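Notes for the structure review
Chain by chain, the residues:
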Amino acid sequence: EMRKLAASVSRRLDMLRAPFLVIHAWQDDVAPASNAFKIVKRACNTNVQLQLLTDRRHVVTMGRGCGDVVSRVAAFVSNTSLNPSPPAKPSATLR
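Residues numbered from 1 in each chain as written. Predicted model: local features only at pLDDT ≥ 70, side-chain atom pairs only at ≥ 80, totals over all residues. Heavy atoms only, no water.

Time to look at helix α2 (residues 33-42). By the burial criterion, the buried members of α2 are A33, A36 and V40. For α2, the arc enclosing every buried residue in end-on projection is 50 degrees, short of the 170-degree limit, so these residues lie on one face. Next to the buried residues of α2 lie β1 (20-25) and β2 (48-53). (Buried < 20%, exposed > 50% of the residue type's maximum accessible area, 1.4 Å probe, protein only. Helix = DSSP H or I, 4+ residues; strand = E, 2+ residues; numbered from the N terminus. Arc of directions from axis to C-beta. Contact = heavy atoms within 4.5 Å.)

So, in structure tokens, the structure goes:
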């Protein structure tokens, strides 16, 4: 069921219009970082940002550094509300 859901969402990413933040662990041993790049590429009609975490593994919202993830999400929401227009191209950050 999870694979079906993921495939369904993936097929519709080009329809996305809401601002979109992708946070992914660079060294994820469950889902490769290349998946995050594919998501960003397919979500081409919106303000999409990719932030890769160099010091994290698969579950980025738990354990060491989870506060950093919360801060990144809060900053994205804050910046989006101040500047809702989409950027010309998707942006990526490696930290």
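That was the structure; now back to the text.
Moving on, we get to the layout of surface pockets. In this approach a probe as big as a water molecule rolls over the atoms, and the regions it shows empty are the leftover space. In this structure, the largest pocket spans a volume of roughly 760 Å³. Contributing to the lining of the largest pocket are 21 residues, with M2, A6, A31, N35 and I39 lying nearest its centre. At the level of secondary structure, the elements contributing two or more residues to the lining of the largest pocket comprise α1 (2-11), β1 and α2. Broken down by element, the residue count for the lining of the largest pocket peaks at 7 residues, all from α1. (1 Å grid on protein atoms, 1.4 Å probe; cavity = no way out; pocket = protein on both sides within 12 Å on 5 of 7 lines; lining within 4 Å. Points joined across faces, edges and corners; volume = space filled by probe spheres on them.)

What follows deals with the pairing of β2. Most of β2 sits inside the fold, with 5 of its 6 residues counted as buried. Bridging between β1 and β2 involves 6 bridges; their strand directions are parallel. Pairing of F20 across the sheet is with V48, part of β2. Following the backbone out of β1, through α2 and into the adjacent parallel β2, one traces a crossover that is right-handed. (Pairing = 2+ DSSP bridges. Right-handed = clockwise from strand over helix to strand, strands pointing away.)

Moving on to the pattern of salt bridges. Summed over the entire model, instances satisfying the criterion amount to 2 salt bridges. One salt bridge connects E1 with K4, and the closest N-O pair in it is separated by 3.9 Å. K4 matches E1 in its accessibility class, with the two residues each being exposed. Between R72 and D68 there is a salt bridge; the shortest N-O distance is 2.9 Å. (Salt bridge = Lys/Arg side-chain N within 4 Å of Asp/Glu carboxyl O.)

We now examine the packing of aromatic side chains. Summed over the entire model, instances satisfying the criterion amount to 1 aromatic pair. Consider the rings of W26 and F37, whose centres lie 6.5 Å apart with planes at 85 degrees: the pair is edge-to-face. One end of the pair, W26, is in the loop between β1 and α2; the other, F37, is in helix α2, and 11 residues separate them in sequence. A relative accessible area of 42% places W26 in the partly exposed class. Judged by relative accessible area, which is 39%, F37 ranks as partly exposed. (Phe/Tyr/Trp six-rings, centres within 6.5 Å; stacked < 30°, edge-to-face > 60°.)

In terms of nonpolar packing, the biggest core is built from 8 residues, these being L13, V22, A36, V40, A43, V48, L50 and L52. Broken down by element, this core gets its largest block of residues, 3 residues, from β2. (Core = buried A, V, L, I, M, F, W, Y, C linked by side-chain atoms within 4.5 Å.)

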